[in-house]
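Listed here are the chains, written in short residue letters.
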Amino acid sequence: KVSKLGILPHQIRGFFSTFSSVLVQGPAFNQCTACSSRIIDKVRDEGFPTLLRIFNDPDYLESLAGLDELKTDTDLCDFDEDW
């Protein structure tokens, strides 16, 4: 996505051996802490108070994005460790 300031990538991978960088692109992640609809909608609806809470509460952004639910669901999975 291009903004008024140009592209704003989520990731930039750098390589010291060649002094080069690559902009990584992939499918959107529903629980992204930067661009998920939950985050965008909350900031648009409530503005600065939401940002202030994100800055002051280390767990709020993960909760708002749904990463806490994802972690809980993952912890509940029964993985067979005998490969």
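Since we're looking at a predicted model, the values are computed, not measured. (Residues numbered from 1 in each chain as written. Predicted model: local features only at pLDDT ≥ 70, side-chain atom pairs only at ≥ 80, totals over all residues. Heavy atoms only, no water.)

### Structural notes on the pairing of strand S3 (residues 12-15)
- Note that S3 and strand S4 (residues 20-23) share four bridges and pair antiparallel. Directly across from Ile-12, in S4, lies its bridge partner Leu-23.
- Remark: four residues form the turn of the hairpin made by S3 and S4, two consecutive strands paired antiparallel; Phe-19 in that turn has positive phi of roughly 50°. (Pairing = 2+ DSSP bridges. Helix = DSSP H or I, 4+ residues; strand = E, 2+ residues; numbered from the N terminus.)

### Quick look at the nonpolar core
- Within the largest apolar cluster, five residues are counted, these being Ile-39, Ile-54, Tyr-60, Leu-64 and Ala-65.
- Apart from the residues within four sequence positions on either side, Tyr-60 is in contact with Lys-42, Thr-50, Arg-53 and Ile-54. (Core = buried A, V, L, I, M, F, W, Y, C linked by side-chain atoms within 4.5 Å. Buried < 20%, exposed > 50% of the residue type's maximum accessible area, 1.4 Å probe, protein only. Contact = heavy atoms within 4.5 Å.)

### A closer look at the pattern of salt bridges
- Summed over the entire model, instances satisfying the criterion amount to two salt bridges.
- Residue Glu-46 is joined to Lys-42 by a salt bridge in which the shortest nitrogen-to-oxygen separation is 3.1 Å. Residue Glu-46 and its partner Lys-42 are located together in helix H1 (residues 37-46), separated by four residues, close to a single helical turn. (Salt bridge = Lys/Arg side-chain N within 4 Å of Asp/Glu carboxyl O.)

### Some thoughts on the packing of H1 against helix H2 (residues 48-56)
- The geometry of H1 relative to H2 is characterised by a closest axis approach of 6 Å and an angle of 125° between their N-to-C directions. It follows from the interaxial angle that H1 and H2 lie oblique. On H2, the residues touching Lys-42, Val-43 and Glu-46 of H1 are Phe-48, Pro-49, Thr-50 and Leu-51.
- Its residues assigned to classes, the contact of H1 with H2 comprises four nonpolar, one polar and two charged. (Axes fitted to C-alpha atoms, helices over the stretch in contact; angles between N-to-C directions. Parallel < 35°, antiparallel > 145°, perpendicular 65-115°, else oblique. Nonpolar A, V, L, I, M, F, W, Y, C, P; charged D, E, K, R; others polar.)

### Quick notes on the environment of Tyr-60
- Along the chain, Tyr-60 falls in helix H3 (residues 60-65).
- In this structure the C-alpha to C-alpha distance between Tyr-60 and Arg-38, which are 22 residues apart in sequence, comes to 12 Å.

### Quick word on the confidence of the model for the protein
- Taken over all residues, the pLDDT of the protein has a mean of 86, while the share at 70 or more is 93%.
- Looking across the protein, the model is least confident in strand S1 (residues 2-3), with a mean pLDDT of 73, and most confident in H2, with 95. (pLDDT = per-residue confidence, 0-100.)

### A few points about the side chain of Ser-36
- Tracing the backbone shows Ser-36 in the loop between S4 and H1.
- Among all residues touching Ser-36, those that are not within four sequence positions of it are Phe-29, Asn-30 and Gln-31.

### Notes on the side chain of Gln-31
- Examined against the element boundaries, Gln-31 turns out to sit in the loop between S4 and H1.
- The exposure class assigned to Gln-31 is buried, which follows from its relative accessible area of 18%.
- Beyond its immediate stretch of four places on either side in the chain, Gln-31 contacts Ser-36, Ala-65, Gly-66, Leu-67 and Leu-70.

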